[in-house]
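Per-entry structural report
The primary structure of each chain is shown beneath.
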Amino acid sequence: GRELVDHASHFKEILEETGFESIHVFDDEKSIFSPLSYVVAFVDYYARTYWYQSAAEIELRLHQLIHEMRSNKPALLYFDGPTMVSYQTPHKVYERVY
């Protein structure tokens, strides 16, 4: 409700005052505990280009950066390009603040 928006707005102000140029909020509906909300903040505005990559670009980058496990099991069980793309659009409550 309104209290959440006020709290989020204050948190955003603190992040901006400390030098963060790009702030993103996303909800993880797939969490094993319960739906959780996260804040990702970038000091450099340019870094947000990675945040808004397509699913294919993210898959390629993951393939380049994540090393194979010795056990041959996947290094990332619950994260892939389409999952990351789902984080790019915030919940409507946060759109008013961020």
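Anyway, here's the lowdown on the structure attached to this text. (Residues numbered from 1 in each chain as written. Predicted model: local features only at pLDDT ≥ 70, side-chain atom pairs only at ≥ 80, totals over all residues. Heavy atoms only, no water.)

**Focus on the nonpolar core**
Core analysis: the largest hydrophobic core is formed by seven residues, namely F26, F42, W51, I58, L62, M84 and Y87. Sequence-distant contacts of M84, defined by excluding residues within four places in its chain, comprise W51, I58 and F79. (Core = buried A, V, L, I, M, F, W, Y, C linked by side-chain atoms within 4.5 Å. Buried < 20%, exposed > 50% of the residue type's maximum accessible area, 1.4 Å probe, protein only. Contact = heavy atoms within 4.5 Å.)

**Some details on the side chain of T83**
Positionally, T83 belongs in helix 4 (residues 81-86). Taking relative accessible area as the criterion, T83 reaches 10% and is therefore assigned buried. (Helix = DSSP H or I, 4+ residues; strand = E, 2+ residues; numbered from the N terminus.)

**Brief notes about the side chain of S22**
Among the structural elements, S22 can be located in strand 1 (residues 22-28). S22 has contacts with V40, A41, F42, Y45 and R48, leaving out every residue within four places of it along the chain.

**Details of the pattern of salt bridges**
One pass over the full model with this rule turns up one salt bridge. Here E16 makes a salt bridge to K12, at a shortest N to O gap of 3.0 Å. A residue pair is termed a helical-turn pair when its members lie 3 or 4 positions apart in one helix, as E16 and K12 do in helix 1 (residues 2-17) at four residues. (Salt bridge = Lys/Arg side-chain N within 4 Å of Asp/Glu carboxyl O.)

**Side note on the environment of K30**
Looking at where K30 falls in the secondary structure, it is placed in the loop between strand 1 and strand 2 (36-42). Assessed through its relative accessible area of 54%, K30 is described here as exposed. When the C-alpha positions of K30 and Y78 are compared, they lie 8.5 Å apart, and in sequence the two are 48 residues distant.

**A word on the pairing of strand 1**
Of all seven residues making up strand 1, six are buried, and the element is well covered by its neighbours. Direction of pairing for strand 1 relative to strand 2: antiparallel, over a ladder of seven bridges. If you follow V25 over to strand 2, its bridge partner there is V39. (Pairing = 2+ DSSP bridges.)

**Thoughts on a nonpolar patch on the surface**
On the surface, a cluster of nonpolar side chains totalling about 470 Å² of accessible area is made up of I32, F33, L36 and Y38. Within the secondary structure layout, I32 lies in the loop between strand 1 and strand 2. (Patch = residues over 30% accessible without salt bridge, like charges linked within 9 Å, V, L, I, M, F, W, Y side chains within 5 Å. Areas by Shrake-Rupley, 256 points an atom, 1.4 Å probe, with all protein chains shown as cover.)

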